[in-house]
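Architecture at a glance
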Amino acid sequence: MRTSYQSDVILKEMNNLITYSCNNQNVSTERFSTFHKALLKKHFEASEVTIDIDENILHLKIPVEAGKYVTVNFEFQSLEALLKSCLEKDNGSLGFYQNMLTFYNVASL
């Protein structure tokens, strides 16, 4: 997917959206939970993602071969840092992020 914006602008705005979504828990938590899960699904190619915020545990169902999945659970220190570490610079990811930014109505793009 091609993007119509520079990759550094898209990545900056994604970092801003991640920071905002993690630090504003009183703003539409369900909407941001969907955002977080979509980003994690994309990065890990997971079919299912559950984020246990209280215990700081991520539950993923990831493919190991055609039609076979394994459940992986791991602990994280900071959801914000985890999400930011998932950002990638390839064209497919940048197009995905541009769509997410449009969906979440980031005005500076």
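Residues numbered from 1 in each chain as written. Predicted model: local features only at pLDDT ≥ 70, side-chain atom pairs only at ≥ 80, totals over all residues. Heavy atoms only, no water.

1. A few points about the overall build of the chain
- For the chain, the count of helices and strands is four helices and three strands.
- In the chain, the succession of helices and strands from N to C terminus is α-α-β-β-β-α-α.
- Per-residue burial over the chain gives 31% buried out of 109 residues.
- Only carbon and sulfur atoms are counted for the fraction: they give 47% of the accessible area of the chain, which is about 6800 Å². (Helix = DSSP H or I, 4+ residues; strand = E, 2+ residues; numbered from the N terminus. Buried < 20%, exposed > 50% of the residue type's maximum accessible area, 1.4 Å probe, protein only. Areas by Shrake-Rupley, 256 points an atom, 1.4 Å probe, with all protein chains shown as cover.)

2. Some points on the environment of Lys 84
- Locating Lys 84 in the fold gives a position in helix H3 (residues 79–85).
- Its relative accessible area of 28% is what places Lys 84 among the partly exposed residues.
- Sequence separation of Lys 84 and Asn 15 is 69 residues, and the distance between their C-alpha atoms is 6.4 Å.
- If we ignore the near neighbours within four places in the chain, the residues touching Lys 84 are Asn 15, Ile 18 and Thr 19. (Contact = heavy atoms within 4.5 Å.)

3. Some details on unusual backbone geometry
- The backbone phi angle of Glu 45 is positive, close to 55°, even though this residue is not glycine.
- By the secondary structure assignment, Glu 45 is in the loop between helix H2 (29–44) and strand E1 (48–52).
- At Asn 56, a residue that is not glycine, the phi angle is positive and equals roughly 55°.
- Given a relative accessible area of 25%, Asn 56 falls into the partly exposed group.

4. Thoughts on the packing of aromatic side chains
- Scanning the entire structure with this criterion turns up six aromatic pairs.
- Pairing Phe 96 with Tyr 97 gives two aromatic rings, centres 6.1 Å apart and planes at 65°, and the pair type is edge-to-face.
- When its relative accessible area of 0% is taken as the criterion, Tyr 97 is described as buried.
- An aromatic cluster of three or more residues is present, and its members are Tyr 20, Phe 32, Phe 35, Phe 103 and Tyr 104.
- Over the face of the ring belonging to Phe 96 we find Lys 42, whose NZ or CZ atom lies 5.9 Å from the ring centre.
- Positioned over the ring face of Tyr 69 is Lys 61, at 5.6 Å from the centre of the ring. (Phe/Tyr/Trp six-rings, centres within 6.5 Å; stacked < 30°, edge-to-face > 60°. Lys NZ or Arg CZ within 6 Å of the ring centre and 35° of its normal.)

5. Side note on the pairing of strand E2 (residues 57–65)
- Bridge count between E1 and E2: five bridges; the pairing is antiparallel. Bridging across to E2, Ile 51 finds its partner in Leu 58.
- Counting the residues between successive antiparallel strands, the hairpin from E1 to E2 contains four residues, one of them, Asn 56, with a positive phi of roughly 55°. (Pairing = 2+ DSSP bridges.)

6. Re the nonpolar core
- Among the nonpolar cores identified, the biggest contains 26 residues, and Met 14, Leu 40, Leu 58 and Tyr 97 are the most heavily contacted of them.
- Mapped onto this core, the elements with two or more residues apiece are helix H1 (7–23), H2, E1, E2, H3 and helix H4 (91–103).
- Among the elements that take part in this core, H1 stands out by supplying six residues, more than any other.
- Excluding residues that lie within four positions of it along the chain, Leu 40 makes contacts with Glu 45, Val 49, Ile 51, Leu 58, Leu 82, Leu 83 and Cys 86. (Core = buried A, V, L, I, M, F, W, Y, C linked by side-chain atoms within 4.5 Å.)

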